[in-house]
Amino acid sequence: MPGAKNAFVEFSGVQKTYDGETLVVKDLNLDIARGEFLTMLGPSGSGKTTTLMMLAGFEAPTYGSILLAGRSIENVPPHKRDIGMVFQNYALFPHMTVEENLAFPLKVRGLGKLKREARIKRALDMVRLGAYGGRRPGQLSGGQQQRVALARALVFDPKLVLMDEPLGALDKQLREHMQLEIKHIHEHLGVTVVYVTHDQSEALTMSDRIAVFNEGTIQQLAAPAELYERPQNAFVAQFIGENNRLHGKVVAMNGATCEVEIPGAGNVQ
Ligand code: ADP
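None of these values were measured; they are calculated from a predicted model. (Residues numbered from 1 in each chain as written. Predicted model: local features only at pLDDT ≥ 70, side-chain atom pairs only at ≥ 80, totals over all residues.)

**Q** For this particular structure, what's the right way to read the site of the ligand?
**A** Taken together, Y18, V24, G42, S44, G45, S46, G47, K48, T49 and T50 form the complete shell of residues around the ligand. A per-element tally of the shell around the ligand places helix α1 (residues 48-56) first, with 3 residues. Tallied by class, the residues present in the shell around the ligand amount to 2 nonpolar, 7 polar and 1 charged. (Near = placed C-beta within 6 Å. Helix = DSSP H or I, 4+ residues; strand = E, 2+ residues; numbered from the N terminus. Nonpolar A, V, L, I, M, F, W, Y, C, P; charged D, E, K, R; others polar.)

**Q** What's the story with the confidence of the model for the protein chain in this structure? I'm lost.
**A** Regions with low pLDDT should not have their predicted coordinates read in detail. With 87% of its residues at a pLDDT of 70 or more, the protein chain has an overall mean of 87. Per-element mean pLDDT across the protein chain ranges from 45 in strand β11 (residues 245-251) up to 98 in strand β3 (residues 37-41). Below a pLDDT of 50 lies the segment residues 245-251, which in the model reaches 17 contacts outside its immediate sequence neighbourhood of four places, other chains included. A low-confidence stretch, residues 260-269 (pLDDT under 50), is modelled with 17 contacts involving residues beyond four sequence positions or located in other chains. Interface confidence in the predicted complex, given as ipTM, is 0.98; pTM for the same model is 0.87. (pLDDT = per-residue confidence, 0-100. Contact = placed C-beta atoms within 7 Å.)

**Q** Would you take a moment to explain unusual backbone geometry for this structure?
**A** Glycine aside, residues mostly have negative phi angles, and peptide bonds mostly take the trans form. Even without being glycine, E165 reaches a positive phi, approximately 45°. Checked against the element boundaries, E165 lands in the loop between β7 (160-164) and α5 (172-189). On the neighbour-count criterion, E165 (18 C-beta atoms within 10 Å) is partly exposed. Its identity is not glycine, yet E215 carries a phi of approximately 50°, on the positive side. Inspection of the secondary structure assignment puts E215 in the loop between β9 (209-214) and β10 (217-222). (Buried ≥ 20, exposed ≤ 12 C-beta atoms within 10 Å, placed from the backbone.)

**Q** How should the sheet that holds strand β2 (residues 23-32) be read in this particular structure?
**A** Working definition: the strands of a sheet are paired by backbone hydrogen bonds and lie parallel or antiparallel to each other. Overall, antiparallel pairing links the 4 strands, which are arranged β2-β1-β4-β5 in an open sheet. This sheet does not close on itself; its edge strands, each paired only once, are β2 and β5 (71-72). Sheet topology places strand β4 (residues 63-68) next to β5; 2 bridges connect them, and they run antiparallel. Paired with L67 across the strands is S72, a residue of β5. (Pairing = 2+ DSSP bridges.)

Next up, the structure:
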């Protein structure tokens, strides 16, 4: 029975087609617990963003239902779903200061000036940008802009935060740093996070559970260690193992060479 399992988010039999023919999400059944960090991992085009957009309310399922805190959200518009969102391209208002960017979602929700100021300060402190409230996004680095986007998603105290490749535009070092920050904030706030990435190592570092997507279906839903140790099928084994291969050259006695790839051999070059 829908809602009976006390899941915070519940997809039941969800399908999505954009053109009336091809199913880009096929019969999706997924429960997400309150406070969980759930990552949707999979190759490009596997239906992750579409799934997130249906949860956010920017796309509607063709079939099936989505419950949030036990209630159908079918007729609830995006801004009434109490969901914070962070995307790869930040989507900050360039003509507003950082503080004004953060005030926006609070004004939409009708919070008064004093409450707004307190929330903005807390959110900026959380992402360690307390001194940057007066700057415009163009005066900040990419990493700082992404932190502002994160603060804006959290400033109105949502119970659910959706993140779609939020670190995709950052360089490797900053990405790894931000992964830890996001994880820290998740643990500190106890907020439920649904995170989309095509990057296995990112998913393995951050998630409580990972839903591995391929061609619109979940291939396996499990904790990171279990995915590694007990992949359910060849796709999961190959996809999860991708950054765990030995790449190199074999030189034969006669001087001929060939490229080799040994799955599961660790990050040895
Ligand atoms: P992912 O996030 O895993 O990369 P998407 O959910 O973005 O996958 O896309 C799944 C499939 O749906 C892709 O084939 C994509 O081309 C298609 N698709 C996504 N958005 C639209 C849209 N607005 N209109 C038509 N097709 C779309």
